[in-house]
Amino acid sequence: MRRFPLLPLLWAGSLALGGTAEWTPFVIPLETHPDSEIAIREYTPIPVHGPRLIAREGHFYREGRRVRIWGVNLSFGANFPTHADAEKVAERLAAAGFNSVRFHHMDTARWPRGIWDAADPTTLSHEALDRLDYFIDQLAGRGIYANLNLHVGRAHSRYLEVPPSEHNYDKVYNLFAPALVAAQRDYARALLTRVNAYRRVRYADDPAVAFIEITNENSFFMWDGDQTLRSLRPDYATLLQGQYNDWLARRYGVLQALAAAWSKGTRTLVDDLIRNGRVEAAAGAWPEGWTLEQHGDCRATLSHTARGARIEIHQHDQTAWHLQFNQRNLPVQGGIYYTAIFAARSDAPRSLTCAVGQAHDPWRNLGLSRRVELGPAWRTYRLGFVATADDTNARLNFSFGGDATAFELTDLQLRSGGQAGLSDAESWDSGSIALFAENESEQRQQDRMVFLAQTEKAYFEGMRRFLRHTLGCDALVTGTVVFGPLGLYAQSGMDYVDGHAYWQHPHFPGRPWDAGNWQVEQTPMVDVPQEATLFRLAAERLQGKPYTVSEYNHPAPLDSQAACIPMMASFAAAQDWDGIWFYAYSHSNDAWDRGHFNSYFDMDSNPAKWAFMRGGSVLFREGGLGPLGHRAVVSLCEVSSVDLGALARLHRQFGRDLFAALAHAYSMGPSNLLETQLSASLAGTTTVTPVLGTDTEMTWFVEEGRGFYAAAGRSSLVAVGHAQHFERGTGSRIKVTAPNFLSLVVTALDGKKLQASERILVTACGRCENSGMVFSENRATVGRQWGRAPVRVQPVDATLALADGAWQAWALTPDGRRKEAARVVTVAKGCNLVLSTAHGTMWYLLLR
């Protein structure tokens, strides 16, 4: 098959999917049929005393051969199938080409949803451990490695003689509190020193236990890390402040040196940018300069008091930005320190988020986003920040959805200057130097960021040493996912580096994770490449370390969810990443053979995901799509050794956006990653080198809001997007009649190039829904009405150009058997496979 030419990138806005097509049931059974034409039959078991996976020169190897990981997650009870189900699930995973399972949320709940004993939540459940032993044994017998997550959902502070953190599984707290670190080590010891009853070897010594993750999505620099640190419970705040004071004393030696360093660059307040800071207005008029935003069904009113403005909330949900009060057209300069000042009170305790950001698309934050706590008494707030970019149309914004409590504002200002250094009342002798202070000088901010980065790195490397040296565990260890430049630094001592991403993760306007009140935005990623998760993930790869993505999904019921596996597998292969674990195979252990999907993430019964797994394994694990032809190593700081202060400055400027930080260091855009592999380095010089012997090409374009993505290489072809672009985007190799939007993957099952292959699998579909699903009018949610079996897909009407040859084609059944012959028609330059909705299938097998 001839490769298509690269096309220019023409990115624009997005349009919703439309149109109709035929629907057909496509329930892929749990048990692998012995006559399946596409199932993998031969496995290489992982022997108890065999060689381990190792990390070397930025990749995974076993006995000198490169290994890529093609994996899935199991969560909660799904980690503990019965023995009979363990055999079936392991067989199904191996048949689809998987070689790893990530055991996630094992530690969150009591049996039967978790590993803790139902009666005593401080001990491990014997039943859970027996099932886990057997499952790992069954997986290993089919060449499937285990990735064990040590901390995901356990709040150890609830079961120790310490104050409870009462925060999100003890996250952030357990990075620095000795008692919580010790509890994590105790759990690791109990799990990893266990002797598997079926393999007769400790987990720590078993080559099948190839990966250990220390803690899931946990960092001082994570999404809410700053707010969490500012609002630590008193005992923990005192503990961390004490560690900070000791660190400062070691760093500066004498207090006068600290005071001098922190006083540099301080400026008095000047240049108030706010108009009408008391929010005054003539009777019946709206206050000049101010805007009250009300989104969705949320409603609020503004009135005037003798002191300022009063805002009363009449209808709200749990999304803060659905109600906003702001002033726009404020000019700010990047690199300049500003102070936002305002006085506020509320009728009862409530929070309020104050931010400075763009008042225009793409609505980026410009350096300030802080949640403050209000109460009945008036209080003046002073919030300092460094503007991250120049902007002539910035806004000072207050978000207040999520709470019906009325509040008042007055004396609003936004001024440049206002930094302060060490106060007269602060001293490390008394441990009184605060981790956070208002209106901090640049060096004070720098010191805090460096302290947090070093503290976090010490936690992860201490945990790794404990696993490796105290427990004698030789599994490959990662810490957590990357959060910005300082998060990358903290992970730089791990065996491999990891990332997570979701396209259109469900959001919850009311209570978090309310199964009846959620929404997904019906925007295909292919329509908005400038927002794509893939480029952000690429920037989190660290030179010299294997890179994996251990959670990824385009959740149901997105109309474009079938794009998930093709886009991720092809992009990861082209970037030459080392592993993917899709989230998730299943969350429960009592419905393995259901005929429909019942949640956003589970893929086991969702053919829009599962049907693409066999082709995806060829694409990624087997190297069916090779790496791109250039390799760029972009240095965040072009110095000979790691400059933590420079990384801290980058983090303060770009936050968690590593792609923006790399683009700042080396001029590039997302489109460059369609021809160049990317990795970051913490120091050194930026290099771009050619990669020889590869033939992979990629394209991604958008016209009139409708996108098209394609990748082609040695033995695979991927095409995703709107039907109208397929002919042009593939050089007339694929012509689509229906549906309007689809995903299509072509893979050689015999390891040969597509041109020479004699056994090719074609996988294709449009939308995927259960029978009887009930969507909202905007298709953003089905609430709890997920429908029933059978799950259905939109099959495809299209033609696919083939290389010359005597081809036979078969439409396959959902269990992979031959269903009926498909047409192959002779044309002027070869022949075409005819994909038809009449076949009612996602799979076609081509034989030559």
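In this text the structure is predicted, and so the values were computed from the model without any measurement.

Counting secondary structure elements, the protein chain contains 15 helices and 39 strands. For the protein chain, whose C-alpha radius of gyration is 28 Å, the value lies close to the compact-globule estimate of 29 Å for 848 residues. Summarising its shape, the C-alpha atoms of the protein chain cover approximately 85 × 65 × 55 Å along the three principal directions. The buried share of the protein chain, reckoned over its 848 residues, is 60%. Within the protein chain, residue pairs in contact and separated by at least 24 positions form 75% of the contacts whose partners lie at least 6 positions apart. For the protein chain, the computed accessible surface area is about 31100 Å², with 48% contributed by carbon and sulfur atoms. If you average the places of the 83 positive and of the 88 negative side-chain charges in the protein chain, the two averages end up 3 Å apart.

Orientation of helix H5 (residues 234-252) relative to helix H7 (residues 442-470), taken along the N-to-C sense of each, is 110 degrees, at an axis distance of 11 Å. When the interaxial angle is binned, H5 and H7 end up roughly perpendicular. Here Leu 240, Gln 243, Tyr 244, Trp 247, Leu 248, Arg 251 and Tyr 252 of H5 lie close against H7, whose contacting residues are Gln 443, Arg 444, Asp 447, Arg 448, Val 450, Phe 451, Gln 454 and Thr 455. For the contact of H5 with H7, a count of residues per class yields seven nonpolar, four polar and four charged.

Right, let's get into the side chain of Gln 491. In this fold, Gln 491 is placed in the loop between helix H8 (484-490) and strand E20 (497-502). Given the relative accessible area of 0%, Gln 491 is considered buried. Among all residues touching Gln 491, those that are not within four sequence positions of it are Phe 460, Thr 478, Gly 479, Thr 480 and Val 497.

It is worth spelling out the packing of aromatic side chains at this point. This model, assessed by the stated rule, comprises 47 aromatic pairs. Plain terms: the ring middles of Trp 70 and Phe 620 are 6.1 Å apart, the flat faces sit at 35 degrees to each other, and that makes the pair tilted. With a gap of 550 residues between them, Trp 70 in strand E5 (residues 69-75) and Phe 620 in helix H12 (residues 613-621) connect regions that are remote in the sequence. The burial state of Trp 70 is the same as that of Phe 620; both residues are buried. Pairing Trp 290 with Phe 325 gives two aromatic rings, centres 5.0 Å apart and planes at 10 degrees, and the pair type is stacked. A residue pair is termed long-range when its members are at least 10 positions apart, and Trp 290 in the loop between helix H6 (255-263) and strand E9 (291-294) and Phe 325 in strand E12 (residues 323-332) qualify at 35 residues. Here Trp 290 falls in the buried class, since its relative accessible area comes to 3%. Looking at Phe 325, the relative accessible area reads 0%, which means it is buried. Through a chain of ring-to-ring contacts, three or more aromatic side chains come together here, namely Tyr 502, Phe 508, Trp 513, Trp 518, Tyr 583, Phe 597, Tyr 600, Phe 601 and Trp 786. The aromatic ring of Tyr 61 is capped on one face by Arg 56, whose charged end is 4.0 Å from the ring centroid. Above the face of the Trp 378 ring, Arg 307 is positioned so that its terminal group lies 4.1 Å from the ring centre.

Reading guide: rules and limits
- Residues numbered from 1 in each chain as written.
- Predicted model: local features only at pLDDT ≥ 70, side-chain atom pairs only at ≥ 80, totals over all residues.
- Heavy atoms only, no water.
- Helix = DSSP H or I, 4+ residues; strand = E, 2+ residues; numbered from the N terminus.
- Rg over C-alpha atoms; globule rule 2.2 N^0.38 Å.
- Buried < 20%, exposed > 50% of the residue type's maximum accessible area, 1.4 Å probe, protein only.
- Contact = heavy atoms within 4.5 Å.
- Areas by Shrake-Rupley, 256 points an atom, 1.4 Å probe, with all protein chains shown as cover.
- Lys, Arg positive; Asp, Glu negative; His and termini not counted.
- Charge placed at Lys NZ, Arg CZ, Asp CG, Glu CD.
- Axes fitted to C-alpha atoms, helices over the stretch in contact; angles between N-to-C directions.
- Parallel < 35°, antiparallel > 145°, perpendicular 65-115°, else oblique.
- Nonpolar A, V, L, I, M, F, W, Y, C, P; charged D, E, K, R; others polar.
- Phe/Tyr/Trp six-rings, centres within 6.5 Å; stacked < 30°, edge-to-face > 60°.
- Lys NZ or Arg CZ within 6 Å of the ring centre and 35° of its normal.

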